[in-house]
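Listed below are the residues making up each chain.
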Amino acid sequence: MTGLKAAKELKEALGTDNLAETALRYILMYPEVSTVIPGASSPQQIVDNARATQLPPFTIEQMAIVRDIYNRYIREQVHDKW
């Protein structure tokens, strides 16, 4: 339930219906990441995944949104496991 709430809020705050594509773009912003291997169960998902490379990097404001939602919904449950 927590993850669904966080995902819903991220979609609304970032103005996207395709959170998977947006998440891939977020991951690709980090130079430490050399490869992302996303799953796909349809040809359209493959196209969507590839399109993530064409999205602009997150703005400072978008990064703040992600950080805020992580801190409110996710951090307490997982951060100590890193």
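Up top is the structure these notes are about.
Since the model is a prediction, treat every value here as computed from it, not as a measurement. (Residues numbered from 1 in each chain as written. Predicted model: local features only at pLDDT ≥ 70, side-chain atom pairs only at ≥ 80, totals over all residues. Heavy atoms only, no water.)

Draft legend 1. Summary view of helix H1 (residues 2-14). With 13 residues, H1 should reach 18 Å at 1.5 Å per residue; the first-to-last C-alpha distance of 18 Å fits that figure. For H1, the elements touching its buried residues are helix H2 (19-28) and helix H4 (60-78). (Helix = DSSP H or I, 4+ residues; strand = E, 2+ residues; numbered from the N terminus. Expected span 1.5 Å × (residues − 1). Contact = heavy atoms within 4.5 Å.)

Draft legend 2. Representation of the packing of H1 against H4 within the structure. One can describe the packing of H1 onto H4 by two numbers: an axis separation of 10 Å at closest approach and a directional angle of 170 degrees. When the axes of H1 and H4 are compared, the pair comes out roughly antiparallel. The residues of H4 that touch H1, namely those facing Thr2, Lys5, Ala6, Glu9, Leu10, Ala13 and Leu14, are Gln62, Ile65, Val66, Ile69, Arg72, Tyr73, Ile74 and Gln77. Its residues assigned to classes, the contact of H1 with H4 comprises nine nonpolar, three polar and three charged. (Axes fitted to C-alpha atoms, helices over the stretch in contact; angles between N-to-C directions. Parallel < 35°, antiparallel > 145°, perpendicular 65-115°, else oblique. Nonpolar A, V, L, I, M, F, W, Y, C, P; charged D, E, K, R; others polar.)

Draft legend 3. Main features of the side chain of asparagine 49. Secondary-structure assignment places asparagine 49 in helix H3 (residues 43-51). Polar contacts involving the side chain of asparagine 49 include one to the main-chain carbonyl oxygen of glycine 39, which spans 3.2 Å. With residues near it in sequence (within four places) discarded, asparagine 49 still touches Leu24, Pro38, Gly39 and Ala40. (Polar contact = N/O pair within 3.5 Å; in protein donor to acceptor, adjacent residues only side chain to side chain.)

Draft legend 4. Representation of the layout of surface pockets. Here the largest pocket defines a volume of roughly 360 Å³. If you go around the largest pocket, you meet 17 residues; those closest to its centre are Leu10, Tyr26, Val66, Arg67 and Tyr70. When residues of the lining of the largest pocket are traced back to their parent elements, those giving at least two are H1, H2 and H4. Among the elements that make up the lining of the largest pocket, the one with the highest residue count is H4 (six residues). Grouping the amino acids of the lining of the largest pocket by side-chain chemistry returns 14 nonpolar, two polar and one charged. (1 Å grid on protein atoms, 1.4 Å probe; cavity = no way out; pocket = protein on both sides within 12 Å on 5 of 7 lines; lining within 4 Å. Points joined across faces, edges and corners; volume = space filled by probe spheres on them.)

Draft legend 5. Highlighting the packing of aromatic side chains. In the structure shown here, the tally under the stated rule is two aromatic pairs. When the centroid spacing of 5.5 Å and the interplanar angle of 70 degrees are considered together, the rings of tyrosine 26 and tyrosine 30 count as edge-to-face. Residue classification places tyrosine 26 among the partly exposed residues on the basis of a relative accessible area of 25%. On the basis of relative accessibility, which here comes to 32%, the residue tyrosine 30 falls in the partly exposed class. Ring pairs connect the aromatic residues Tyr26, Tyr30 and Phe58, which therefore count as one cluster. (Phe/Tyr/Trp six-rings, centres within 6.5 Å; stacked < 30°, edge-to-face > 60°. Buried < 20%, exposed > 50% of the residue type's maximum accessible area, 1.4 Å probe, protein only.)

Such coordinate-based values are descriptive only and should not be taken to indicate function.
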